[in-house]
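Chain and residue survey
Residues per chain are reported as follows:
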Amino acid sequence: MATADPAPPASTGPAAIRDQALRLGFDAVGFAPAVARLEVRQNLQTFLSEGRYGDMGWLAVHQDRRASPDGLWPEAQTVIVLAMSYGPAGDPLALLSKQECGAVSVYARTARDYHDVLKRRLKRLACWLVETHGGAVKVFVDTAPVMEKPTAEAAGLGWQGKHTNLVSRRHGSWLFLGEIFTTLALTPDLPHEDRCGSCRACLDACPTDAFTAPYQLEPRRCISYLTIEHKAPIPHEFRRAMGNRIYGCDDCLAACPWNKFAARAREPDLMPRIELTAPKLADLAELDEAGFRQVFSGSPIKRTGRNRFLRNVLVAVGNSGDPGLIPTVKHALDDAAPLVRGAAVWALGQLLSDAEFNGFRRARLPAEIDESVRLEWSYGDSSAASWR
């Protein structure tokens, strides 16, 4: 937190802050009161009470602080919401047809972790704000209990679409968000009105039917949740629908018609890393712990961990239909991590005939000590066709 003497004249307020933010490379800026609307509190309460957060236990921690900006920092008067575009240059879903490759969500393909990129810019703006306007500030980039999308909506940057993500008329849905909380009472922007209308493109695009209704997401069915946050084996009912998506899912974002206005990312650090634009599944499946850390150093993918990531890769391998990947899968059957071994069992079941798979099952199952992996082998017993 930074502090300074009381502010200079009010003429240097929101307009000057907005101009400075744009000079620093942000694409959109808005101001919201540091309070939450009643509907936001109620929606959060419903979401948590229904247990929809799954393995994201951190969402249920400090609920009162999460429900409102002034609950997180009582002295805060205004939240300055900043957005930076990470719009892709081409079709973000083109990779889904290349089954030999893994599809990584656009936001995670970037040269540097967006948390670092935005926080660096936010700190520069925050220091300037204190020097020119006074007050005290705190900066956040998805690292504290901040309801970012409702706050961005309140700040006039856009609205939460039927896919629950922020949509901007000028920038579409490809936006990273960050916030500066300040003790300054700055004139707020008007909340943005909903412009989704009768469109349901995002809802219809979801591969796993994760939307129970417009504006209602069931995260435990969402591929982004399953591939990033979920710690256990991927539930069988979603494995085929994952296709070759190995980290996140962009389908609902890419389907939004407002993205025709989205600009391509212009921040060099948010450009895609070449090794993540079309990574080969065969290469990814061979990563050990050291290799995983090296390849994904500075990437948000690193926080998921090698075992969960390889679980996703092996599901994609199973969906590839490529018998050339069978040796890779066989190698993974001996992995030290049960999560990886279990995914390898399923992948093998997709690529081998029933007779071949059952031969492996008879040889491997007696020596397997992990119950979750034994369960994967058992699915391939006499009723193999029913699960494969």
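Description of the structure in this document. What you are looking at is a predicted structure, and each value in this text was computed from that prediction instead of being measured. (Residues numbered from 1 in each chain as written. Predicted model: local features only at pLDDT ≥ 70, side-chain atom pairs only at ≥ 80, totals over all residues. Heavy atoms only, no water.)

**What about helix α5 (residues 114–133)?**
Where we set the bar: Starting at the N terminus, helices and strands are each numbered in turn, a helix being any DSSP run of H or I of at least four residues and a strand any DSSP run of E of at least two. Expected span of a helix, by definition, is 1.5 Å for each gap between consecutive residues, and there is one gap fewer than residues. For each residue, the accessible area found with a 1.4 Å probe, counting protein chains only, is set against the maximum for its type, and the residue is called buried under 20%, exposed over 50%, and partly exposed in between.
Between its first and last C-alpha atoms α5 spans 27 Å; for 20 residues at 1.5 Å apiece the expected length is 28 Å, and the two agree. Taken residue by residue, α5 has Tyr-114, His-115, Val-117, Leu-118, Arg-121, Leu-122, Leu-125, Ala-126, Trp-128, Leu-129, Val-130 and His-133 as its buried positions. Directly beyond the C-terminal end of α5, a positive phi value near 80 degrees is found at Gly-134.

**What to know about empty space enclosed by the protein**
Spelled out, the test is: A pocket, in this scheme, is an open set of points on a 1 Å grid over the protein atoms alone with protein on both sides within 12 Å along at least 5 of 7 lines, while a cavity is a set where a 1.4 Å probe fits but cannot get out; residues line either one if an atom lies within 4 Å of a point. Grid points are joined across faces, edges and corners, and a volume is the space filled by probe spheres set on the points. Polar here means any residue other than Ala, Val, Leu, Ile, Met, Phe, Trp, Tyr, Cys and Pro, which are nonpolar, and Asp, Glu, Lys and Arg, which are charged; Gly is therefore polar.
Under the criterion given, the structure shown has three cavities of 30 Å³ or more. Around the second largest cavity sit Pro-92, Leu-93, Leu-96, Ala-103, Val-104, Ser-105, Arg-109, Arg-245, Gly-248, Cys-249, Asp-250 and Asp-251, which together line it. Taken together, the residues of the lining of the second largest cavity break down into six nonpolar, two polar and four charged.

**Let's talk about the layout of surface pockets**
By volume, the second largest pocket is sized at about 300 Å³. Mapped by element, the contributors of at least two residues to the lining of the second largest pocket are α1 (14–23) and β2 (28–33). Of the residues that constitute the lining of the second largest pocket, the class distribution is six nonpolar, four polar and six charged.

**What about the pairing of β2?**
Condition: Should DSSP find at least two bridges between two strands, the strands are regarded as paired.
Across the six residues of β2, five count as buried, placing the element largely inside the fold. Summarising the sheet, β2 and strand β3 (residues 78–85) pair through six bridges and their orientation is antiparallel. Each bridged residue has a counterpart across the sheet, and for Phe-31 the counterpart in β3 is Ile-80.

**What to know about unusual backbone geometry**
Here the phi dihedral of Asp-209 falls at roughly 50 degrees; this positive angle occurs in a residue that is not glycine. By secondary structure assignment, the location of Asp-209 is in the loop between α7 (201–205) and β9 (211–213). Positive phi, normally seen in glycine, also occurs at Tyr-215, with a value near 75 degrees. Structurally, Tyr-215 can be placed in the loop between β9 and β10 (216–217). Residue Tyr-215 is classed as partly exposed on the basis of its relative accessible area of 35%.

**Observations regarding the side chain of His-163**
Convention followed: Pairs of N or O atoms are called polar contacts if they sit within 3.5 Å, as long as, within protein, a hydrogen donor faces a hydrogen acceptor (for residues adjacent in sequence, only side-chain-to-side-chain pairs).
When you line up the elements, His-163 lands in the loop between β6 (159–160) and β7 (166–167). Of the polar contacts made by the side chain of His-163, one reaches the backbone nitrogen of Asn-165; its length is 3.1 Å.

**Quick notes on the packing of α1 against α5**
Quick reminder of the rule: All axes here are fitted lines through C-alpha atoms, helices being fitted over the stretch that makes contact, and every angle between N-to-C directions spans 0 to 180 degrees. Each angle receives one of four descriptions, namely roughly parallel if under 35 degrees, roughly antiparallel if over 145, roughly perpendicular if within 65 to 115, and oblique otherwise. By definition, turning the near helix anticlockwise from the far helix through less than a right angle yields a left-handed crossing, and turning it clockwise yields a right-handed one. What makes two residues a contact is simply this: any of their non-hydrogen atoms within 4.5 Å.
Running from amino to carboxyl end, α1 crosses α5 at an angle of 150 degrees, the nearest separation of the two axes being 11 Å. If you check the angle between α1 and α5, you find them roughly antiparallel. Crossing angle aside, the handedness with which α1 passes α5 is right-handed. For the pair α1 and α5, contact is made by Ala-16, Ile-17, Gln-20 and Ala-21 and by Leu-125, Trp-128, Leu-129 and His-133, respectively. Residues of the contact of α1 with α5, tallied by class, amount to six nonpolar, two polar and no charged.

**Quick notes on the packing of helix α15 (residues 338–351) against helix α17 (residues 371–378)**
Between two packed helices, what matters for the description is the angle formed by their axes and the separation of those axes. Where α15 meets α17, the axes come as close as 8 Å, and the angle between the chain directions of the two elements is 5 degrees. Regarding the angle of α15 to α17, the classification is roughly parallel. The segment α15 lies against α17, with Pro-338, Arg-341, Gly-342, Val-345, Trp-346 and Leu-348 engaging Ser-372, Val-373, Glu-376 and Trp-377. Taken together, the residues of the contact of α15 with α17 sort by class into six nonpolar, two polar and two charged.

**Some thoughts on the pattern of salt bridges**
Think of it this way: side chains of opposite charge can pair up when their charged atoms draw near. Here is the rule: By convention in these notes, a salt bridge is any Lys or Arg side-chain nitrogen within 4 Å of a carboxyl oxygen on Asp or Glu.
Under the counting rule described, the total for this entry stands at 18 salt bridges. Close ionic contact of Asp-189 with Arg-18 constitutes a salt bridge, the shortest N to O distance being 3.3 Å. Of this pair, Asp-189 sits in the loop between β8 (175–182) and α7 while Arg-18 sits in helix α1, and the two are 171 residues apart along the sequence. According to the relative accessible area criterion, Asp-189 is partly exposed, its value standing at 24%. Between Arg-221 and Glu-237 there is a salt bridge whose closest N-O contact spans 3.6 Å. Taken together, the residues span a long stretch of sequence, with Arg-221 in the loop between β10 and α8 (223–228) and Glu-237 in helix α9 (residues 236–242) at a distance of 16 residues. By relative accessible area, which is 59% here, Glu-237 ends up exposed. What emerges from the salt-bridge pattern is a single network uniting Arg-112, Arg-120 and Asp-269.

**With respect to the pairing of strand β5 (residues 135–140)**
Among the six residues that make up β5, five are buried, leaving the element largely enclosed by the rest of the structure. Relative to β8, β5 runs antiparallel, the two sharing four bridges. The residue of β8 that forms the bridge with Phe-140 is Glu-179.

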